[in-house]
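Coordinate analysis (summary)
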Amino acid sequence: AVKSAPMSLLPKAATSSSYPDKPKIEDCDLRGGAEMINARLQSFTMRRCKLRSFALQGSVIRGDALFEDIKEGFLRAAANYQGKLIIRNCDFWGNGGEEYSFEVSACTPTHTLLENLTCGRKPIDIVRRKQPRTEWNPNRQIVIKNCKIPHLRADWAQTEHLRIENCELGEVYIRDGRIGKLEIIGCSLMKLDISRTQVKEQDVQTFIQRLNTKEGTNKYRLPTEAEWEYAARAGTKSTYSLGDDKGELGVYAWYDGNSGDQTHPVGQKKPNPWGLYDMHGNVYEWVNDWYDVSYYSRSPSTDPAGPSSGQYRVLRGGSWYSLDWLLRSAFRGNNSPELRFLNVGFRLALSPGQ
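So, a few notes on the structure that sits alongside this text. Since the structure is predicted, the reported quantities are computational estimates derived from the model, not experimental observations.

Definitions and limits used
Residues numbered from 1 in each chain as written. Predicted model: local features only at pLDDT ≥ 70, side-chain atom pairs only at ≥ 80, totals over all residues. Heavy atoms only, no water. Helix = DSSP H or I, 4+ residues; strand = E, 2+ residues; numbered from the N terminus. Buried < 20%, exposed > 50% of the residue type's maximum accessible area, 1.4 Å probe, protein only. Contact = heavy atoms within 4.5 Å. Areas by Shrake-Rupley, 256 points an atom, 1.4 Å probe, with all protein chains shown as cover. Polar contact = N/O pair within 3.5 Å; in protein donor to acceptor, adjacent residues only side chain to side chain. Core = buried A, V, L, I, M, F, W, Y, C linked by side-chain atoms within 4.5 Å.

**Considerations on the overall build of the chain**
Counting secondary structure elements, the chain contains three helices and 27 strands. Burial status across the chain gives 51% buried among its 354 residues. Across the chain, the fraction of contacts at a sequence separation of at least 24, relative to all contacts at a separation of at least 6, is 47%. Per element, the accessible surface of the chain, about 16300 Å² overall, is 47% carbon and sulfur.

In structure tokens, the structure reads:
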């Protein structure tokens, strides 16, 4: 255990061999700044400390990690947690040099508990990743309770169960994640933004089947590729529905040049001439067709329905992660219907006459 320690006992940028196997940091004033980098630990405990900034980066913690009664400052708990992560009875107000009040990124604990936290105006950030990934070990459960959080981000969270209980919340963003069950119980809430991506085409078909069953209809479906392009072009024959000038693309679309590497809520950019938003960029969209590179050389000229079989499904529209040329109205993407991606979603069509 380290108590009232001088900062030399927590050296910056030290090697993993510099750290004890089960560090306990208690009753310390760490407002001078500290970090533990690339450590290999059995467990980790920090209690009753004052921080300016503490970072636990690039480390592997095979057991449980506890942060308790931490005051002031900023905590970046960006480690690979293989046990439980518990953070409770803490006040995080950030510091002038950090984007967040508190950040738990790139971590995969079996359970995460955030309890009795008070945070400053800067957002707190939970399990956020900067790059799209197709697979990632999920948290089994994330529980946030009895917290005061003006700005909560759970972007790209992957968990079987996210439960937010008895919290005073301002803005909450839960985007691009894979969450089995979401519960928000007994909370005051100013804004909730949930964007669903990481859906494989098979998930979409299951959703459509359940939606049609719930409403006693069969009107909902994925559009065909021809229907999608007809709607995206909106009567135009140019490179994009906005014209041929890619310099105007940022007014209509989220893509590599302006997205900040993340999905955005629908409708923040200008629509196409038919009033449809985000046909270019933001997320790729599954359509109903199997992909065949030469299909349109032999397809019907009116309402082609796509090949009857294939290995890959068609994706259209480009995404926040795409270069500008991938957002062209004519561009055809494709991928396996069994895979999920952070930059892939869908929109539904209504069958004619419905």
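Picking up after the structure, the text goes on.
**Description of the environment of Arg 316**
With respect to the element layout, Arg 316 can be found in strand E24 (residues 313-316). Sequence separation between Arg 316 and Glu 285 is 31 residues, and the spatial gap between their C-alpha atoms is 5.3 Å. In contact with Arg 316, not counting residues within four places along its chain, are Glu 225, Trp 228, Glu 229, Val 283, Tyr 284, Glu 285, Val 287, Ser 329, Ala 330, Phe 331 and Arg 332. In this structure the side chain of Arg 316 is engaged in a polar contact, spanning 2.8 Å, whose partner is the side chain of Glu 225.

**What about helix H2 (residues 225-233)?**
An α-helix turns once per 3.6 residues; consequently, residues spaced three or four apart project the same way. Among the residues of H2, Glu 225, Trp 228, Ala 231, Ala 232 and Arg 233 are the ones counted as buried. Where H2 is buried, its residues contact strand E23 (284-290), E24 and strand E25 (332-335).

**Regarding the side chain of Asn 343**
Relative to the helices and strands, Asn 343 is located in the loop between E25 and strand E26 (344-345). Among the polar contacts listed, one links the side chain of Asn 343 to the side chain of Ser 319, at a separation of 3.0 Å. For Asn 343, the contacting residues outside a window of four places in its chain are Val 283, Tyr 284, Ser 319, Trp 320 and Tyr 321.

**A short note on the nonpolar core**
Grouped together as the largest cluster of nonpolar side chains are 45 residues, with contacts concentrated most on Phe 44, Met 46, Phe 54, Phe 67, Ile 87 and Ile 144. If near-sequence neighbours (up to four positions away) are discounted, Phe 54 is found in contact with Leu 30, Ala 34, Glu 35, Met 36, Phe 44, Met 46, Phe 67, Phe 74, Leu 75 and Arg 76. Listed in part, the 13 residues of the second largest apolar core include Leu 222, Tyr 284, Phe 331 and Val 344.

**What to know about unusual backbone geometry**
Look at Asn 89: it is not a glycine, yet its phi comes out positive at around 55°. For Asn 89, the position within the fold is in strand E12 (residues 84-92). Phi is positive for Asp 278, which is not a glycine, with a value near 60°. On the secondary structure map, Asp 278 appears in the loop between helix H3 (249-252) and E23. Since its relative accessible area comes to 5%, Asp 278 is described here as buried.

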